[in-house]
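# Examination of the molecular architecture
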Amino acid sequence: MKRHVAAILVLLTTAMVIDSHVDWERLDGRRLLVLSGQPFDVTGWAAEQALAWRRDCSQLAPLQMDSPAADQVLAVIRQHSLPDSQSARGLQIRQLGDWALAEVAFESLKPALVVLRLQGGQWRVQDRAVWSGSTAPWNSAHFVRRYLRQQARDLPQALLDCTDIDAERYGPGPGGLGPTPSNRTLQP
């Protein structure tokens, strides 16, 4: 067989193998890269990588969980959705001005990210800006940030950008690229 014929056959075979294992799928108006049936949110992953390079969190430190400010925020969350919310314990709380974003774990509920706003001297949960549950197959951090931005448009971008969103708690697994196996239980 001549070299050019062999090269063409190798290229065609390679293209067919790639085509059978790599695809783009549309889901919820966005695209996922599908490799051998496994979906990957490449766009979300890339957005989070870019965010890690550009965000400046030097002025935004997490509240200490034993501080009076953290106690006030947790007290409001514990009273928000009784009786299950009474077991809320803080995983992280960040505050910027009259806004706070708290990540909490519960005994009988999934972990949640809760947006609160100081109004009239009292913290108030922003009912529409609460995330709990899986984001699979989407990149957890990117998906949750987009959702919270849509639900609380006045939330300071720095507060949203500097809140750590753990992929182990909210969805896609290793490297934030692919989904967590459904048979795996995630603990806060």
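Right, let's walk through the structure included here. (Residues numbered from 1 in each chain as written. Predicted model: local features only at pLDDT ≥ 70, side-chain atom pairs only at ≥ 80, totals over all residues. Heavy atoms only, no water.)

Regarding its fold elements, the protein presents 6 helices and 7 strands. Ordered by position from the N terminus, the helices and strands of the protein form the series α-β-β-β-α-α-β-β-β-β-α-α-α. Burial analysis of the protein (188 residues in total) assigns 37% to the buried set. Within the protein, contacts between residues separated by at least 24 positions form 49% of all contacts whose residues are at least 6 apart in sequence. Surface accessibility of the protein: about 11100 Å² in total, with carbon and sulfur atoms responsible for 54%. (Helix = DSSP H or I, 4+ residues; strand = E, 2+ residues; numbered from the N terminus. Buried < 20%, exposed > 50% of the residue type's maximum accessible area, 1.4 Å probe, protein only. Contact = heavy atoms within 4.5 Å. Areas by Shrake-Rupley, 256 points an atom, 1.4 Å probe, with all protein chains shown as cover.)

Before going further, it helps to examine the state of the cysteines. Overall, the coordinates contain 1 disulfide when judged by the stated rule. Bridging Cys57 to Cys162, the disulfide has an S-S length of 2.0 Å. One disulfide, between Cys57 and Cys162, carries an S-S torsion of -95° and so falls in the left-handed class. With Cys57 in the loop between helix H2 (42-54) and helix H3 (68-80) and Cys162 in helix H5 (residues 157-162), this pair connects stretches of sequence that are 105 residues apart. Owing to a relative accessible area of 2%, Cys162 belongs among the buried residues under this scheme. (Disulfide = S-S within 2.5 Å.)

Looking at the secondary structure, you find Arg149 in helix H4 (residues 140-151). The charged side chain of Arg149 is buried without a salt bridge, its nearest counter-charge being Asp161 at 6.5 Å. A polar contact of 2.7 Å, which involves the side chain of Arg149, links it to the backbone oxygen of Leu155. When neighbours within four sequence positions are excluded, Arg149 is seen to be in contact with Asp154, Leu155, Pro156, Gln157 and Leu160. (Lys, Arg positive; Asp, Glu negative; His and termini not counted. Salt bridge = Lys/Arg side-chain N within 4 Å of Asp/Glu carboxyl O. Polar contact = N/O pair within 3.5 Å; in protein donor to acceptor, adjacent residues only side chain to side chain.)

A cluster of nonpolar side chains, contributed by Val5, Ile8, Leu9 and Leu12, occupies part of the molecular surface with about 340 Å² of accessible area. Topologically, Val5 is positioned in helix H1 (residues 3-21). Note on Val5: relative accessible area 34%, which makes it partly exposed. (Patch = residues over 30% accessible without salt bridge, like charges linked within 9 Å, V, L, I, M, F, W, Y side chains within 5 Å.)

In this structure, strand E4 (residues 89-96) lies alongside strand E5 (residues 99-105), joined through 7 bridges in antiparallel fashion. Bridge pairing in E5 links Leu96 to Trp99. Hairpin geometry of E4 and E5 is characterised by an intervening segment of 2 residues between the two adjacent antiparallel strands and by a positive phi of about 65° at Gly97. (Pairing = 2+ DSSP bridges.)

With that settled, consider H3. Between its terminal C-alpha atoms H3 stretches 19 Å, which fits the 18 Å expected from 13 residues at 1.5 Å a residue. For H3, every residue scored as buried is listed here: Ala70, Val73, Leu74 and Ile77. One face of H3 carries all of its buried residues, which in axial projection span an arc of 95°. Along H3, exposed side chains directed more than 90 degrees from the buried face belong to Pro68 and Gln79. (Expected span 1.5 Å × (residues − 1). Arc of directions from axis to C-beta.)

Once that is clear, we can look at the environment of Glu168. Mapped onto the elements of the fold, Glu168 is located in helix H6 (residues 167-170). Between the alpha carbons of Glu168 and Ser140 there is a distance of 8.8 Å; along the sequence they are 28 residues apart.

Quick look at the packing of aromatic side chains now. Per the counting criterion, the structure on display carries 2 aromatic pairs. When the ring of Trp131 is compared with that of Phe143, the centres are 5.4 Å apart and the planes differ by 70°; the resulting orientation is edge-to-face. Residue Trp131 is located in strand E7 (residues 122-132), and its partner Phe143 is located in helix H4; the two are separated by 12 residues in the primary sequence. When the centroid spacing of 5.2 Å and the interplanar angle of 65° are considered together, the rings of Trp131 and Tyr147 count as edge-to-face. With a gap of 16 residues between them, Trp131 in strand E7 and Tyr147 in helix H4 connect regions that are remote in the sequence. Three or more aromatic residues link up through ring pairs in this structure, and these residues are Trp131, Phe143 and Tyr147. (Phe/Tyr/Trp six-rings, centres within 6.5 Å; stacked < 30°, edge-to-face > 60°.)

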